[in-house]
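Listed here are the chains, written in short residue letters.
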Amino acid sequence: MKRIITACLIALTTMTASAQKTALIDMEYILKNVPAYERANEQLNQVSRKWQAEVEAINTEAQTMYKNYQNEVVFLSQEQKAAKQEAIMAKEKEASDLKKKYFGPEGELFKKRESLITPIHEEISTAVQDIAKLRGYQIVYDRASAGIIYGSPQIDISNEVLQKLGYGN
């Protein structure tokens, strides 16, 4: 009985799926061919390198403070030791806080990425929707992220999306 129900469900799903008109896009391919995306990525990389250098400079400063402390520890009073340890911990916390500010889940890099990349994704999404409506597609899959094993080049509309965006091939 279970086999019959399973077979019926598979047949129903197959008939429903075959009645829908589908297309593929390759988001990686599209993004590689959108100059604004490449510029945005380069800008993000530059900012990331700059911020990483700031964090590393503070970490290096904390390490230097610690090495100096280790060299001087035998000559310091308890109060001086405590003061130096607090200064070292404050410097390490400063580096950690700065790293979190720049690279944390809601950090500056995340916000910068959102402001630069989101408009590009929205533009691509609008182009895909326009083409889908024009050509009667009910479903458009992304070959780059959907786990598609095979997709016929005949239903790949990536170049059409690029043309709609003004980057025709």
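Before reading on, note that the structure itself is shown above.
This one's a predicted model, so the numbers in the text were calculated from it and none came from an experiment.

Conventions used here
Residues numbered from 1 in each chain as written. Predicted model: local features only at pLDDT ≥ 70, side-chain atom pairs only at ≥ 80, totals over all residues. Heavy atoms only, no water. Phe/Tyr/Trp six-rings, centres within 6.5 Å; stacked < 30°, edge-to-face > 60°. Helix = DSSP H or I, 4+ residues; strand = E, 2+ residues; numbered from the N terminus. Buried < 20%, exposed > 50% of the residue type's maximum accessible area, 1.4 Å probe, protein only. Axes fitted to C-alpha atoms, helices over the stretch in contact; angles between N-to-C directions. Parallel < 35°, antiparallel > 145°, perpendicular 65-115°, else oblique. Left-handed = near helix turned anticlockwise from the far one by under 90°. Nonpolar A, V, L, I, M, F, W, Y, C, P; charged D, E, K, R; others polar. Salt bridge = Lys/Arg side-chain N within 4 Å of Asp/Glu carboxyl O.

**Thoughts on the packing of aromatic side chains**
Next, step 1: Counted by the stated rule, this structure contains three aromatic pairs.
Next, step 2: Ring geometry for Trp 51 and Tyr 102: centres 4.5 Å apart, planes at 5 degrees, overall stacked. With Trp 51 in helix α3 (residues 35-72) and Tyr 102 in helix α4 (residues 78-103), this pair connects stretches of sequence that are 51 residues apart.
Next, step 3: On the basis of relative accessible area, Tyr 102 is assigned to the buried category, the value being 8%.
Next, step 4: One aromatic cluster is present, built from ring pairs that chain together Trp 51, Tyr 102 and Phe 103.

**Considering the packing of α3 against α4**
If you want to describe how two helices pack, look at the angle between their axes and the distance between the axes.
Next, step 1: α4 packs onto α3 with a crossing angle of 165 degrees between their chain directions and a minimal axis gap of 9 Å. Overall, the two elements α3 and α4 adopt an arrangement that is roughly antiparallel. For α3 against α4, the interelement crossing comes out left-handed.
Next, step 2: Partitioning the contact of α3 with α4 into residue classes produces 13 nonpolar, four polar and nine charged.

**Some remarks on the pattern of salt bridges**
Next, step 1: Within the structure shown, the criterion is met by eight salt bridges.
Next, step 2: Between Arg 49 and Glu 42 there is a salt bridge, with the nearest N and O atoms lying 3.4 Å from each other.
Next, step 3: For the salt bridge of Lys 91 with Glu 94, the shortest nitrogen-to-oxygen distance reads 3.3 Å. Of this pair, Lys 91 and Glu 94 both sit in helix α4, separated by three residues, roughly a single helical turn.
Next, step 4: By relative accessible area, Lys 91 is classed as buried at 16%.
Next, step 5: By sharing partners, the salt bridges in this structure join Glu 61, Lys 91 and Glu 94 into a single network.

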